[in-house]
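Coordinate analysis (summary)
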Amino acid sequence: MTIWKFPLTCAAKAAKTLKTGQSRPKTTPVSNEDQMHSLKTLSAAVFLGLSALTLPAQAEITINIDSPVIEPMPFAVPDFIDEGGAGEYATNIARVVAADLAGTGLFVETPKDAYISRITSFDAPIAYPDWQAINTQALITGAVQAGGDRIVVKFRLYDVFTGAPLGDGLQFAGTPGTWRRMAHKVADAVYSRITGEGPYFDSRVVYVAESGPKNQRQKRLGVMDYDGANIQYLTDSSSIVLAPRFSPAGDRILYTSYASGFPSIYLMDVASLQTRNLGELPGTMTFAPRFSPDGSTVVFSLEQGGNTDIYAMDLGSGQMRQLTNAPSIETSPSYSPDGSQIVFESDRSGTQQVYIMSASGGEAVRISGGKGRYSTPVWSPRGDMIAFTKQNEGRFHIGVMLTDGTEERLLTASFLDEGPTWAPNGRVVMFTREGAGAGGQAGLMSVDISGRNLRQIPTEGPASDPAWSPLLQ
Amino acid sequence: MTLLPKALLLVAALGLAACNNPDRYGANGGNGGAGGNGGFVDTNGLGDPSNPKSIAYFNQSVGDRVLFPVDQSTLTPEARGILAGQASWLATNADYAIIIEGHADEQGTREYNLALGARRAAAVQDFLISQGVAPSRMRTISYGKERPIEVCSEEACYAKNRRAVTVLSMGTGA
């Protein structure tokens, strides 16, 4: 599934002379101070109107995702040009690009029937006034060439109001089966150039596909594109499976299964679907596994005699190390992106709260401090935040906070929301929402860490326990 | 902590080797919680509930389950009474091994509820050991909130789902 990428070197040269080139603030992690500042801005609702008026000084198209109010940016993505053998790809790729961008809530597509001019050739000059007249701000053009076992997709992004390309054109090449990935890569490039945030559309989600009534629910592992396309099932539903998680390279999955009759953690190779029981320790239950950032270690919970603690296992040697030692429940461990620390939940204080300790164990510092219970902490891939589940006064919430526990922000509220997982760029979380009562079914939702853009992820049936992959390579 | 050598644990597990896969909730399970009621039709192999040596008698007359308050794994006086009855039944019916299932209601996160279900199962196991049931006859398993028996989202249902169920199987020393 390799996709080759290289810049286009012709018409887009002019971009280099503009401030709007590639030197835009990119994916560098936001420092805590910056983050705190923007979070404060967000919570200060009274300044909403004011802040929305302070537009950036540059004339170029940008979206600051942390602005308290965002007017979605109009964009147009005409069908890509067929440069030979493209067939339906020319339309389909443009449609996936449009869906990715509109799906963020940061962009709004200008309808095709508003177009004044048509793109007839990938290298023809852009009639900017025609696009300005319909108030589109970003124009994406592209071309597709397909033949044999190969498909080539190229695109350019134009800033309609300055009348110039934004960044270099890019070209992607791969097998026809990767056409949606190439569309996601185009959308990722557009998203990153305009927002300054890291890309995330070219990613997968592993999850639990559910069927059957609540008291006899059948579960199996599924994996799909982040937008719900290309579903593939990895297990059958002969035994309960729970909470899968991707390896840092996306090639392996950890999960909990009752396949042996007792809950135990398993490692699956995604390509071969071969599995290995990592927790064959009779008399114990192992669960809540997660990879270390280098992929060499699994941190998980092990229960024995009713007491649950956190352990780490070296995948190479199988050697285990106990990281917590308390009579309370310690579970849901998640590494910091640099691998030096672990955030986890414990009820040692009497209720579930979130703690951070060194990756080698030792003393833990509690970071959650608000009312209610805090659980399922997950460290952001940018390192700056912890996403969590919160239960308070009979409601469930998905929330985020800084790693010192400050600046807590609840993003959702419902009968049952749980188990956030981060998009590769640390801007969006996906989670499980389940309805009440006999008919209550689980589904996957996503929400921006600003609390905006709550969306349902389409799945074939009920679904739970999503885990986002890293950005695909 | 050092885990027991695998060989030793395997021996321990063999005591239960005659049991089927304990996951009676698997795709072919369907026996979602024993202890049915109504007239006697032995469609599930549990025996005649009027026969004190039958599984049906254990499930219905001795009581195969104990309930827990919200987020608790401490045994109530009522639960202790039921478990004392289980222990004496097991003393006179020595051919049975047991699996103790721990369950939680849906008002909690998945992983915490697995740990909570394990705590409940262990509380039952500890009590049965204190009543003289041999540890080698018992295993525990937690289902967390995966297998409620009641599906409404009200306390009336939650109260029945916060349970530990003692499931009999023929097995010890057979």
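Residues numbered from 1 in each chain as written. Chains lettered and ligands numbered in written order. Predicted model: local features only at pLDDT ≥ 70, side-chain atom pairs only at ≥ 80, totals over all residues. Heavy atoms only, no water.

The next thing to look at is the state of the cysteines. Residue and element names in this part refer to chain B. The full count for this structure, using the stated rule, is one disulfide over all chains. In this model, Cys152 is linked to Cys157 through a disulfide, with the two sulfur atoms separated by 2.0 Å. Of note, the bridge from Cys152 to Cys157 carries an S-S torsion of about 120 degrees and is right-handed in sense. Since its relative accessible area comes to 8%, Cys157 is described here as buried. (Disulfide = S-S within 2.5 Å. Buried < 20%, exposed > 50% of the residue type's maximum accessible area, 1.4 Å probe, protein only.)

Moving on: helix 3 (residues 77-92) of chain B. All names here are of chain B. Its 16 residues give helix 3 an end-to-end C-alpha distance of 23 Å, which sits within 8% of 22 Å, the value for a rise of 1.5 Å per residue. The complete set of buried residues in helix 3 reads Ala79, Leu83, Gln86, Ala87, Trp89 and Leu90. For helix 3, the buried positions fall inside an angular range of 165 degrees around the axis, keeping them on one side. Projecting away from the buried face of helix 3 at angles above 90 degrees are the exposed residues Pro77, Glu78, Ala91 and Thr92. Those residues of helix 3 that are buried lie in contact with helix 2 (55-63), strand 1 (65-67), strand 2 (96-103), helix 4 (110-130) and strand 4 (163-170). (Helix = DSSP H or I, 4+ residues; strand = E, 2+ residues; numbered from the N terminus. Expected span 1.5 Å × (residues − 1). Arc of directions from axis to C-beta. Contact = heavy atoms within 4.5 Å.)

Okay, the interface of chain A and chain B next. Contact residues are listed per partner, giving 57 residues for chain A and 40 residues for chain B. Roughly 3,900 Å² of surface becomes buried between chain A and chain B when both sides are summed, with 56% attributable to carbon and sulfur atoms. Our count for the chain A to chain B interface comes out at seven salt bridges. Here Lys145 of chain B and Glu418 of chain A are joined by a salt bridge, their closest N and O atoms 2.4 Å apart. (Buried area = accessible area lost by both parts, 1.4 Å probe. Salt bridge = Lys/Arg side-chain N within 4 Å of Asp/Glu carboxyl O.)

Our next topic: the packing of aromatic side chains. All names here are of chain A. Applying the stated criterion across every chain yields a total of 19 aromatic pairs over all chains. Taken together, a centroid distance of 5.0 Å and an interplanar angle of 65 degrees make the contact between Tyr115 and Trp131 edge-to-face. Taken together, the residues span a long stretch of sequence, with Tyr115 in the loop between strand 4 (107-109) and helix 4 (128-132) and Trp131 in helix 4 at a distance of 16 residues. On the numbers, 6.2 Å between centres and 70 degrees between planes, the contact of Tyr128 with Tyr158 is edge-to-face. Note that Tyr128 is positioned in helix 4 and Tyr158 in strand 6 (residues 150-159), a separation of 30 residues in sequence. Each member of the pair, Tyr128 together with Tyr158, is buried. (Phe/Tyr/Trp six-rings, centres within 6.5 Å; stacked < 30°, edge-to-face > 60°.)

Residues and elements named next belong to chain A. A positive phi angle, near 55 degrees, is found at Ser332, a position not held by glycine. On the secondary structure map, Ser332 appears in strand 20 (residues 330-335). Using a relative accessible area of 4% as the deciding quantity, one classes Ser332 as buried. For Asn453, which is not glycine, the phi torsion reads 60 degrees and is therefore positive. Residue position: Asn453 is located in the loop between strand 30 (442-448) and strand 31 (455-457). With relative accessibility at 25%, the residue Asn453 sits in the partly exposed group.

Considering every residue of chain A, the mean pLDDT works out to 89; 88% of them sit at 70 or more. In the predicted structure, residues 10-59 of chain A sits below a pLDDT of 50 and forms 69 contacts with residues beyond four places in sequence or in another chain. (pLDDT = per-residue confidence, 0-100.)

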